[in-house]
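The primary structure of each chain is shown beneath.
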Amino acid sequence: MPFLTKIKWVVLSVVTLSVASIIIHLSLAKLWTVNIVQYKALPSLPEDFGSVLGRQPNANARSNYSVPQEQSNGFIYAKVFGGFAKIRSSISDLVAISRLLNATLVIPEIQESTRSKGISSKFKSFSYLYNEEQFIAYLKNDVIIAKTLPEGLLERRRRNEFPTFKPTSSASLNFYIKDILPKLKKSKVIGLIIANGGALQSILPSSMAEIQRLRCRVAFHALQFRPEIQMLGHRMVHKLRALGQPFLAFHPGLLRETLAYNGCAELFQDVHTELIQHRRSKMIKEGILKDKLNVDSHLRREKGLCPLMPEEVGILLRVMGYPAKTIIYLAGSETFGGQRVLIPLRSMFINTVDRTSLCSEKELSDLVGPETPLPLNRFRPPPAKSEKELKEEWKKAGPRPRPLPPPPDRPIYQHEKEGWYAWITETPTEPDPSPMDLRMNAHRLLWDALDYIVSLEADAFFPGFNNDDSGWPDFSSLVMGHRLYETASFRTYRPDRKVVAELFNMTRENLYHPKHNWTILVQEHLNKSLSEEGLIRQSLLSKPAMFLSHPLPECSCRIASAKATNRVRGKDGQVLYGGEDLCPKWMQHANNAGSLYKEGVKSEDEGLTDYENNDFVDESESDKNGSKTNQTPLWDQDEEMDPND
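Only a predicted model underlies this, so the values are computations on that prediction, with no experimental measurement involved.

Participant: Hey, could you run me through the packing of helix α18 (residues 435–457) against helix α19 (residues 475–486) in this one?
Facilitator: Two quantities define a packed helix pair, namely the angle between the axes and the distance from one axis to the other. Running from N to C, α18 and α19 point in directions that differ by 40°, and their axes come no closer than 10 Å. In terms of axis orientation, α18 runs oblique to α19. The handedness of the crossing between α18 and α19 is right-handed. The segment α18 lies against α19, with Asp-448, Asp-451, Tyr-452, Ser-455 and Leu-456 engaging Phe-475, Leu-478, Val-479, His-482 and Arg-483.

Participant: Is there a simple way to explain the sheet that holds strand β13 (residues 556–558) in this structure?
Facilitator: Sheets are built from strands paired through backbone hydrogen bonds, the pairs being either parallel or antiparallel. Strand order in the open sheet formed by 3 strands is β1-β13-β16, with mixed pairing between adjacent strands. Every other strand in the sheet has two partners, leaving β1 (55–57) and β16 (581–582) as the edge strands with one partner each. Pairing analysis gives 3 bridges linking β1 to β13, with the strands arranged antiparallel. Its bridge partner being in β13, Pro-57 is matched across the sheet by Ser-556.

Participant: Teacher, can you tell me more about the pairing of strand β7 (residues 189–194) here?
Facilitator: Burial analysis of β7 places 5 of its 6 residues in the buried class, the great majority of the element. Where strand β6 (residues 164–165) and β7 come together, 2 bridges link them in parallel fashion. Residue Phe-165 lies in a different strand from β7, and its bridge partner there is Leu-192. Note on the crossover from β6 through helix α7 (residues 173–187) to β7: the handedness is right-handed.

Participant: Is there a simple way to explain the pattern of salt bridges in this structure?
Facilitator: Opposite charge on two side chains allows them to pair when their charged atoms are near. Across all of its chains, the model carries 27 salt bridges by this definition. When the shortest N-O distance is used, the salt bridge between Glu-312 and Arg-301 registers 3.2 Å. Residue Glu-312 is located in helix α13 (residues 310–319), and its partner Arg-301 is located in helix α12 (residues 297–302); the two are separated by 11 residues in the primary sequence. Classification of Arg-301 by relative accessible area gives buried; the value is 11%. Notably, a salt bridge pairs Lys-543 with Glu-554, separated by 3.0 Å at the nearest N-O pair. With Lys-543 in the loop between α22 (532–541) and β13 and Glu-554 in the loop between α22 and β13, this pair connects stretches of sequence that are 11 residues apart.

Participant: In this structure, what is going on with a negative patch on the surface? I would like to understand it.
Facilitator: Taken together, the side chains of Glu-266, Asp-296, Glu-302 and Glu-502 define an acidic patch exposed on the protein surface. Counting through the fold element by element, Glu-502 comes out in helix α20 (residues 497–506).

Participant: Before we go on, may I ask you to explain the packing of aromatic side chains in this structure?
Facilitator: By convention here, two paired aromatic rings are described through the distance between centres and the angle between planes. Across all of its chains, the model carries 15 aromatic pairs by this definition. Ring geometry for Phe-175 and Tyr-176: centres 5.1 Å apart, planes at 75°, overall edge-to-face. Take Phe-175: its relative accessible area is 25%, and that puts it in the partly exposed class. Classification of Tyr-176 by relative accessible area gives buried; the value is 0%. Measuring from ring centre to ring centre gives 5.7 Å for Phe-504 and Trp-518, while their planes differ by 55°; the resulting arrangement is tilted. With Phe-504 in helix α20 and Trp-518 in helix α21 (residues 516–530), this residue pair connects regions lying 14 residues apart in the sequence. In this pair, the class of Phe-504 matches that of Trp-518, namely buried. Among the aromatic residues, those joined into a cluster by ring pairs are Phe-84, Phe-126, Tyr-130, Phe-135, Phe-225, Tyr-452 and Phe-475. The side chain of Lys-86 reaches across the aromatic face of Trp-472, ending 4.4 Å from its centre. Sitting over the face of the ring of Phe-349, Arg-318 holds its NZ or CZ atom 5.8 Å from the ring centroid.

Participant: What is the right way to read the nonpolar core from this model?
Facilitator: Generally speaking, a soluble globular protein has its nonpolar side chains buried in company with each other. Membership of the largest hydrophobic core comes to 86 residues, with the highest contact counts inside it found for Tyr-130 and Phe-135. With 10 residues, the single largest contributor to this core is α18. Apart from the residues within four sequence positions on either side, Phe-135 is in contact with Ile-91, Val-95, Ile-107, Phe-126, Ile-145, Val-218, Ala-222 and Leu-223. Grouped together as the second largest cluster of nonpolar side chains are 48 residues, Ala-260, Phe-336, Leu-342 and Phe-504 included.

Participant: What is the right way to look at empty space enclosed by the protein in this model?
Facilitator: Leftover empty space is mapped by rolling, across the atoms, a probe with the size of a water molecule. With the rule as written, the count across this model stands at 3 cavities of 30 Å³ or more. Estimated volume of the largest cavity: approximately 120 Å³. Residue lining of the largest cavity: 15 residues in total, with Ser-89, Asp-93, Ala-545, Met-546 and Phe-547 positioned closest to the centre. Looking at the lining of the largest cavity element by element, the count peaks at 3 residues for helix α3 (residues 84–101). Tallied by class, the residues present in the lining of the largest cavity amount to 6 nonpolar, 7 polar and 2 charged.

Participant: Sorry if this is basic, but what is going on with the sheet that holds strand β9 (residues 327–330) here?
Facilitator: Spatially, 5 strands are ordered β10-β9-β8-β11-β12 in an open sheet, and the strand pairing comes out parallel. Edge positions in the open sheet fall to β10 (351–353) and β12 (491–492), since each of these has one partner strand only. With 4 bridges connecting them, strand β8 (residues 247–251) and β9 associate as parallel partners. When the bridges of β9 are listed, Phe-247 appears paired with Ile-327. Where helix α9 (residues 227–241) meets the sheet, it contacts β8, β9 and β10, and its direction lies at approximately 160° from that of β9.

Participant: How should I be thinking about helix α11 (residues 271–286) in this particular structure?
Facilitator: Given 3.6 residues per helical turn, the α-helix brings residues three or four places apart onto the same face. With 16 residues, α11 extends 23 Å from end C-alpha to end C-alpha; this agrees with the ideal 22 Å at 1.5 Å per step. Here α11 has its buried residues at Val-271, His-272, Thr-273, Leu-275, Ile-276, Gln-277, Arg-279, Arg-280 and Met-283. Tucked into the core, α11 has its buried residues touching α10 (256–262) and α12. Within two residues after α11, Gly-287 carries a phi angle of roughly 80°, on the positive side.

Participant: Quick question: what am I supposed to make of the state of the cysteines here?
Facilitator: Here, disulfide denotes a covalent bond that connects the sulfur atoms of two cysteines. The full count for this structure, using the stated rule, is 3 disulfides. Residue Cys-216 pairs covalently with Cys-555 via a disulfide, S to S 1.9 Å. Negative torsions about the S-S bond denote left-handed disulfides, and the value of about 90° found for Cys-216 with Cys-555 makes this one right-handed. Placement of Cys-216 in helix α8 (residues 209–222) and of Cys-555 in the loop between α22 and β13 is noted, with a sequence separation of 339 residues between them. The disulfide partner of Cys-557 is Cys-583, and the S-S distance across this bridge is 2.1 Å. Residues Cys-557 and Cys-583 are joined by a disulfide whose S-S torsion is about 95°; by sign, that bridge is right-handed.

Analysis parameters
Residue numbers restart at each chain and count upward from 1, following the sequence in its written direction. In keeping with the model being predicted, local features are shown solely for residues with a pLDDT of at least 70 and side-chain atom pairs are shown and tallied solely at 80 or more, while totals for entire chains, interfaces and linings include all residues. The side-chain values count all of the structure's non-hydrogen atoms but skip hydrogen atoms and water molecules. Convention adopted: a line fitted to C-alpha atoms gives each axis, helices being fitted over their contacting stretch, and angles between N-to-C directions are expressed from 0 to 180 degrees. For helices the rule is a DSSP run of H or I covering at least 4 residues; for strands it is a run of E covering at least 2, with both sets numbered from the N terminus onward. Here is the rule for angles: anything less than 35 degrees is roughly parallel, anything more than 145 is roughly antiparallel, 65 through 115 is roughly perpendicular, and the remaining ranges are oblique. Two helices crossing with the near one rotated counterclockwise from the far one by less than a right angle form a left-handed crossing, whereas a clockwise rotation gives a right-handed crossing. Contacts: residue pairs with any heavy atoms within 4.5 Å of one another. Strands are labelled as partners when DSSP assigns at least two bridges between them. Whether a residue is buried, partly exposed or exposed follows from its accessible area with a 1.4 Å probe, protein chains only, as a fraction of its type maximum: under 20%, in between, or over 50%, in that order. A right-handed crossover is one whose linking path, passing over the helix from the first strand to the second, runs clockwise when the strands point away from the viewer. We define a salt bridge as a side-chain nitrogen of Lys or Arg found within 4 Å of a carboxyl oxygen belonging to Asp or Glu. Without a salt bridge and with relative accessible area above 30%, a residue can belong to a patch; like charges are then joined within 9 Å and nonpolar side chains (Val, Leu, Ile, Met, Phe, Trp, Tyr) within 5 Å. Every accessible area reported is derived by Shrake-Rupley at a probe size of 1.4 Å, with residue values counting cover from the shown protein chains alone. Asp and Glu count as negative and Lys and Arg as positive, but His and the ends of the chain are not part of the count. Each charge is placed at NZ for Lys, CZ for Arg, CG for Asp and CD for Glu. Pairs were defined over the aromatic rings of Phe, Tyr and Trp, the Trp ring being its six-membered one, requiring ring centres within 6.5 Å. Orientation was assigned from the angle between planes: stacked under 30 degrees, edge-to-face over 60, tilted for the rest. In our convention, an over-ring charge means Lys NZ or Arg CZ found within 6 Å of a ring centre and within 35 degrees of that ring's normal. Among the buried residues, those of types Ala, Val, Leu, Ile, Met, Phe, Trp, Tyr and Cys that are joined through side-chain atoms within 4.5 Å form a nonpolar core. Buriedness of a pocket was judged along seven lines, with at least five required to meet protein on both sides within 12 Å; pockets are open sets of points on a 1 Å grid over the protein atoms alone, cavities are sets where a 1.4 Å probe fits but cannot get out, and lining residues have an atom within 4 Å of a point. Grid points are joined across faces, edges and corners, and a volume is the space filled by probe spheres set on the points. Under the grouping applied here, Gly and all other residues not named as nonpolar or charged are polar, the nonpolar ones being Ala, Val, Leu, Ile, Met, Phe, Trp, Tyr, Cys and Pro and the charged ones Asp, Glu, Lys and Arg. Expected span of a helix: the number of residues minus one, times 1.5 Å. The disulfide definition used here is simple: a pair of cysteine sulfur atoms within 2.5 Å.

This is how it looks when you write it as structure tokens:
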């Protein structure tokens, strides 16, 4: 009897300890869950951001800036190669060079539209993308712009009688003053071929600040898209706003050219790896790239030289507290790897849209305009053999018994002989672009223009691949620079890909179920990228490669009530950040009047900052009161996120 009593006491003790252990574990789990759910993505601006808010866009010329002389030194005509970002950056440099040399600029020729066969006859090269009249009128006090060369000079150009130059994107002022200007004065006409996305060095001496401000006036004011593009772009923004919540624009930056240059082939699979290697091999042969063909892509990724994949960006945004119903706009006319690389992002954010989701086929075709049909490049199978030829083959076929003849070949479908399907398995060399390829390149300019408008208006912007090692202008950097110029407090993420790669290596085995301390590290890094610390890092990295990616301090001014920021200098001693001039008095008065007006207007969310009103993260009433919540953690809201399910 005493023995049974001891057993009962032992069992009761074990049960009590088990229940206590379960209660403790559940309490800890609930505590960690609450910490993740209650997190808000930058609910208020950091203290060091006050100086940024005190900046105003001001690209106007300062004192001692004269209008262009009627008698110029000659004409400059230019052929601009490359995609949307290279074109925009190159045109800004061309106007600056024309001002520097006191030359008349002929409207630049955009080769992506000029080389395309059969694009709409309504548009010329430049007017296919931009408003030509607006461009000329806005810059009338900066440079003289002509639509074409005079007839006599045009004939001489056709006979190649004028000198042409191919400047690099790092061409110095001395190159133009000492080498180009004498030849311009002598021949009265010179030609420039711009293929690297620029024709003038990014960082200029402080005495040339007016040239930098001219670049801003060109890129942010003079280069307006043609009216059809602007109307459709703003219509897309209106549709996104009509959904009743903020939206984030994401540009993956997965371009075959930049992936090949940076050696990121192994991040993809199957034939896409071969395609990147094909392009990298071609770059090495042409002297564009001085590196070996086969490199370790994963090592490049750890150095920050490869893009953040859409799946990784989706995870970062979920960690930052963006709910699954957040509207994500996918920008970019080309995403190498196709829809397959976007599947994880779309599974995490169900409201992922692009231009095809917001525009009908008719709207897009109207934007392109009427085009002449291209001849169909149908695949022609080999001609059928005659009966006589078949008999001769039968006699020469060897000893009997012979095997049965092979079954008839399956039909070759049209899509199997288009694009890279037609050559990747048959020939080691990539063929020249077909007429359809050239036409699609021209269309991509229009799609990028639409995405540019939407990205500027987005409540937040996240770049997938900017500031790569090539030094070429990229879409994300242009958007980030334009958003910085318009309003420095726009929520624009500037992640350090090297740091992000280290963070992902820490949790690679538990990518969809990271630990709490890992999420805290990610949140800290991305919040810093939104703050002034991110701006300073951006100025050190991107401005030496492209001025338009960080047009401060030259193209901004500081209101009197804002404190001056410390100057940050680059390797050459030039100021890259801080040191803005004081805004003119009329701008100060306008800013004060606007702030007084805002104070007098009562909003529904009075008491919250503008940044909080714009927040993507929904807070429940229990969260606001500081009490515990029974919401499920972000990582458990969408079960399809887990690849093991």
